[in-house]
Amino acid sequence: MTALRPRTLCAPGLLLILMALNACVDPFQGSRIVGNLFVGDLDPDSLVTPPRLPDGSGGFTWAAEGDPGYVDHYELYAGIDGIGNVRILNFLIRPIFEVHHPCYTVLNDDIRITPDGESATINMCRDPYPLLERTLFALVSAAPTDIGDANPGYRYLEWGLPLRTADNTVTAPDCGDIGQISYDPDAVQDFCDNLHEDYYVGNPFQFSKPVNGTLYGLVNGIDPRTNLAMGGFLLNSEYQLKGMTSLYILADPDPGRLTEENFHANLPPNPAARIAFLARTDQRFGYIAEDLYEGVIHGLMEDPDGSSAYLEFTLYVDLDTDNLMF
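Definitions and limits used
Residues numbered from 1 in each chain as written. Predicted model: local features only at pLDDT ≥ 70, side-chain atom pairs only at ≥ 80, totals over all residues. Heavy atoms only, no water. Disulfide = S-S within 2.5 Å. Helix = DSSP H or I, 4+ residues; strand = E, 2+ residues; numbered from the N terminus. Buried < 20%, exposed > 50% of the residue type's maximum accessible area, 1.4 Å probe, protein only. pLDDT = per-residue confidence, 0-100. Contact = heavy atoms within 4.5 Å. Salt bridge = Lys/Arg side-chain N within 4 Å of Asp/Glu carboxyl O. Phe/Tyr/Trp six-rings, centres within 6.5 Å; stacked < 30°, edge-to-face > 60°. Lys NZ or Arg CZ within 6 Å of the ring centre and 35° of its normal. Arc of directions from axis to C-beta. Polar contact = N/O pair within 3.5 Å; in protein donor to acceptor, adjacent residues only side chain to side chain.

Digging into the state of the cysteines
Inspection of every chain in the model, using the stated rule, returns 2 disulfides. Each sulfur of the disulfide joining cysteine 103 and cysteine 192 lies 2.0 Å from the other. On the sign convention where negative means left-handed, the S-S torsion of about -100 degrees between cysteine 103 and cysteine 192 marks this disulfide as left-handed. Of this pair, cysteine 103 sits in the loop between strand 5 (84-95) and strand 6 (108-113) while cysteine 192 sits in helix 4 (residues 185-193), and the two are 89 residues apart along the sequence. The burial state of cysteine 103 is the same as that of cysteine 192; both residues are buried. Cysteine 125 shares a disulfide with cysteine 175; S-S distance 2.0 Å. Because the torsion about its S-S bond is -75 degrees, the bridge between cysteine 125 and cysteine 175 counts as left-handed.

Pasting the structure below:
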């Protein structure tokens with residue numbers, strides 16, 4: 001008697017299925033930018049959008065639209081031979097999180113359980129959160145500017161006024177004697193649940209997975225918890241950037257460039273914007289080198305205003321054809 005064997009799918013049939021599946025996958029014909037932003041002698045708070053200013057009592061205020069040096073957002077552009085200037089991405093630079101942001105007042109601290117068995121609301125004034133707020137900064141997604149409360153901006157001491165409890169007496173919160181603002185948890189929960197998916201709220205538990213929005217990476221700095229360097233970001237472009245003659249970042253003061261109509265439009269560079277970082281193939285500022293490393297383009301973007309801040313990047317192109325292993 002011969003043993004019975006389970007039936008199996010023949011190899012040719014399996015091969016045809018795999019070929020059919022692969023035929024449905026479109027190759028990525030864009031580019032990927034991996035980089036590090038070093039602040040040098042710049043105050044990192046000056047890079048925050050909007051710029052963050054000390055209030056004289058250990059806290060912060062924010063520059064307002066129309067103030068000298070105001071920056072609403074950043075725009076990444078490439079100059080491509082034969083095409084012109086192409087707007088690749090809009091983004092913000094933000095503190096990794098802000099301890100007094102109203103949306104943290106309803107965030108559960110799942111690793112701290114109360115006597116009744118429920119998780120407690122997170123205490124953002126507990127170490128190391130206040131220190132991390134001052135020392136770690138992130139490149140994050142921007143949201144459209146004309147969508148009302150779905151993108152309220154980051155001046156939360158103003159837009160959070162209607163969310164406060166009737167008996168609240170704190171106007172300028174701190175983590176010391178004055179204390180924190182008292183918010184109505186139901187009102188805050190409803191408000192924060194309505195935020196646009198690209199409005200950034202950092203995650204104090206897992207930096208790489210924000211509570212809301214997208215994290216592209218960190219500005220290079222020192223993590224005060226470990227005294228180790230942190231940094232690096234990753235951006236994707238739908239454009240094939242091989243053959244570009246320049247790559248630059250504009251610090252733009254105009255929120256109108258990020259309306260829903262304009263957000264994804266390939267707008268020309270804003271004459272009112274300041275060039276924050278610039279690299280050119282002619283090496284007048286920074287450099288772009290296609291032959292420095294095999295299979296990639298390497299470059300250095302410098303601050304035309306003369307600070308020691310710079311952005312070093314590696315550009316991966318031909319991702320759908322290049323046979324190098326990254």
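Some words on unusual backbone geometry
Following threonine 49, the chain continues to proline 50 via a peptide bond in cis, the omega torsion being -5 degrees. Mapped onto the elements, proline 50 comes out in the loop between strand 1 (31-38) and strand 2 (52-54). The omega torsion across aspartate 127 and proline 128 is 10 degrees, close enough to zero to call that bond cis. Tracing the chain through its elements places proline 128 in the loop between strand 7 (119-121) and helix 2 (129-135). Although it is not a glycine, asparagine 227 adopts a positive phi angle of roughly 65 degrees.

Remarks on the confidence of the model for the protein
When pLDDT is averaged along the protein, the result is 86, and 86% of the positions lie at 70 or above. Under a pLDDT of 50 for its full length, residues 1-11 has, in the predicted model, 2 contacts with residues more than four places off or in other chains.

Describing the pattern of salt bridges
Counted according to the given criterion, the structure contains 11 salt bridges. Note that aspartate 252 is salt-bridged to arginine 257, the shortest N-O span being 3.2 Å. Here aspartate 252 and arginine 257 have matching classes, each one buried.

Quick word on the environment of valine 140
Mapped onto the elements of the fold, valine 140 is located in strand 8 (residues 137-141). As for valine 140 and phenylalanine 233, which are separated by 93 residues in sequence, their C-alpha atoms are 9.7 Å apart. Ignoring sequence-local partners within four residues, the contact set of valine 140 consists of Phe91, Leu92, Arg94, Tyr200, Thr214, Leu215 and Tyr216.

Considering the packing of aromatic side chains
Per the stated rule, a full pass over the model turns up 9 aromatic pairs. Both rings, one in phenylalanine 97 and one in tyrosine 104, keep their centres 6.4 Å apart while their planes meet at 80 degrees; by these two values the pair is edge-to-face. The residues phenylalanine 97 and tyrosine 104 share a single accessibility class, namely buried. These aromatic residues form a ring-pair network of at least three members: Phe97, Tyr104, Tyr129 and Phe207. In this arrangement the basic side chain of arginine 94 is found over the ring face of tyrosine 154, its NZ or CZ atom lying 3.8 Å from the centre.

Structural notes on helix 4
Here helix 4 has its buried residues at Val188, Phe191 and Cys192. Viewed end-on, helix 4 has its buried residues packed into an arc of 90 degrees, placing them on one side of the element. In this structure, helix 4 carries Asp186, Asp190 and Asp193 as exposed residues pointing more than 90 degrees from its buried face. Residues of helix 4 that are buried in the fold lie against helix 3 (156-159). Sitting at the amino-terminal end of helix 4 is aspartate 184, which places a side-chain oxygen 2.9 Å from the backbone nitrogen of aspartate 186.

Details of the side chain of threonine 259
Topologically, threonine 259 is positioned in the loop between strand 11 (244-252) and strand 12 (274-280). On the basis of relative accessibility, which here comes to 17%, the residue threonine 259 falls in the buried class. Once residues within four sequence positions are removed from consideration, threonine 259 is found in contact with Pro144, Thr145 and Asp146.

Examining the environment of alanine 166
Looking at the secondary structure, you find alanine 166 in the loop between helix 3 and helix 4. Since its relative accessible area comes to 87%, alanine 166 is described here as exposed. Considering only alpha carbons, one finds alanine 166 and serine 182, 16 residues apart in sequence, at a separation of 8.8 Å.

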